[in-house]
Amino acid sequence: MDTNGTAFRILCAIGLFFLVQFFYVFSKVERLDEGKLTLEAEVLMLERKRDLMRTKLNDLERETYRSEKKLQSVENRLRDHLKLLGSSSDKMPMIYFVTPTHFRPSQRADLTRLSQTLAQVPNLHWIVVEDADSTSSSVAEVIRRVKLPYTHVNAKTPTDMKMKYEDPSWKLPRGVAQRNVALAWIRRQFASLKRGVVYFGDDDNTYDWRLFSEMRAIDRVGIWPVGIVGGLLAETPILAANGSVVGFNAVWKPERPFPIDMAAFAVNISLVVEHPDAGFDYSVPRGFQESHFLTSLGLAPKDLEPKADHCTKVYVWHTRTEKSVLPKAVAEKVKSHADGDFTELEADALGIDL
Ligand code: UGA
Ligand code: MN
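Basis of the calculations
Residues numbered from 1 in each chain as written. Chains lettered and ligands numbered in written order. Predicted model: local features only at pLDDT ≥ 70, side-chain atom pairs only at ≥ 80, totals over all residues. Heavy atoms only, no water. Salt bridge = Lys/Arg side-chain N within 4 Å of Asp/Glu carboxyl O. Buried < 20%, exposed > 50% of the residue type's maximum accessible area, 1.4 Å probe, protein only. Helix = DSSP H or I, 4+ residues; strand = E, 2+ residues; numbered from the N terminus. Near = heavy atom within 4 Å. Polar contact = N/O pair within 3.5 Å; in protein donor to acceptor, adjacent residues only side chain to side chain. Areas by Shrake-Rupley, 256 points an atom, 1.4 Å probe, with all protein chains shown as cover. Donors = N, O, S within 2.8 Å, 3.2 Å for Na, K, Ca; no water.

Caption draft 1: Seen up close, the pattern of salt bridges. This model, assessed by the stated rule, comprises 19 salt bridges. Here K313 and D309 are joined by a salt bridge, their closest N and O atoms 3.7 Å apart. For D309, a relative accessible area of 45% translates into the label partly exposed. Here the salt bridges do not stand alone but share partners, grouping R104, D110, R113 and D203 into one network.

Caption draft 2: Looking closely at unusual backbone geometry. Positive phi is not limited to glycine here, since K147 has a value of about 55°. The topology assignment puts K147 in the loop between α3 (137-145) and β3 (150-154). Phi at K253 takes a positive value of approximately 45°, unusual for a residue other than glycine. Within the fold, K253 resides in the loop between β10 (245-248) and β11 (265-268).

Caption draft 3: Representation of the site of ligand 1. Close to ligand 1 lie 18 residues; P100, D131, K162, R174 and D202 are nearest. Measuring from an oxygen atom of ligand 1, one finds a side-chain N or O atom of K162 at 2.8 Å. A distance of 2.8 Å separates an oxygen atom of ligand 1 from a polar atom in the side chain of R320. Protein coverage of the free-state accessible area of ligand 1, which is 690 Å², stands at 90%. For the shell around ligand 1, the elements supplying multiple residues, two or more each, are β1 (94-101) and α4 (176-189).

Caption draft 4: Geometry of the coordination of the manganese ion (ligand 2). All of the protein donors around the manganese ion (ligand 2) are D204 (OD) and D204 (OD); their distances to the metal are 2.4 to 2.5 Å. Within the fold, D204 resides in the loop between β4 (196-200) and β5 (206-207).

Okay, here's the thing in structure tokens:
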């Protein structure tokens, strides 16, 4: 009986143990369920927060975009103001930028690119000399659009000195009559002109804005390297340790007094006025125009003032626009462009006055 009683008690204890365990597990599951619900609620809340943040982010992005646009327009206005300030500054020497230009298919394109480079330069007076019987309204339009002080004149190359479109580019000197007309205009107007420099800037070269700051700081004649010219990647004067010019690296006709390109120098306007006969000439040997002009101003290589960080920087390149490849009939039509039959669009591309 005793044994039975003990067995019963043990059974009861075991039963009780499992009952306790059951309730324990049950309550845990219950709590887990609750936990799950809380977590689900939290996830929902976080999702809602995420959506809210997304909307806020979108709003912020939109605002940033709007602010950037505003900033851009303020920057533009500021730049315009600075440009105006610059162009009315009496302290800064003027640059008289002389560009001979002649009609060919790419003239309007080349002049557009040049005009938009010059448009950013303060205190620059652009002297454009058209190689033609008269000035054209299409060139005038390109010049006027950039709102620079300018002079627009014409000077036709004498027929026997005028190259044909098919001629090799080196056959005859270019820009001679045009640059002389510009020099004559400068001398005539000098009384009303400002202190400054004269630079011969052809219509197809590439000019870095930094070139213009360099040339303003010239006493008599400044010189700097030119990129891609005369068979060299960079043509430059050679400087001694003390910074003076002692030679040139030119390989094409190095025997020239100044074996340099037209784009490599600028001269003080006072020199031009003091030497009324200085200029360019059809009779000088090929490649000697620069040397002829500089010697006619009474200059020697020792007078050259090296610029562009002691001639260690290239701020101008003698780029040349490729001759436009066109069918013969079209090329012929372009040549006699005065009476050619062009569509309005073609005339606009070429800058032909219809
Ligand atoms: C090189 C030099 O960079 C020129 O400054 C120089 O006048 C020329 O050689 C030369 O030896 O005469 P390059 O590129 O060969 O220049 O010459 P172009 O660019 O064809 O002509 C120089 C300037 O004269 C240009 O602005 C061009 O539009 C103008 N030009 C050219 C005319 O006004 N009429 C023409 O018949 C040809
Ligand atoms: Mn050129």
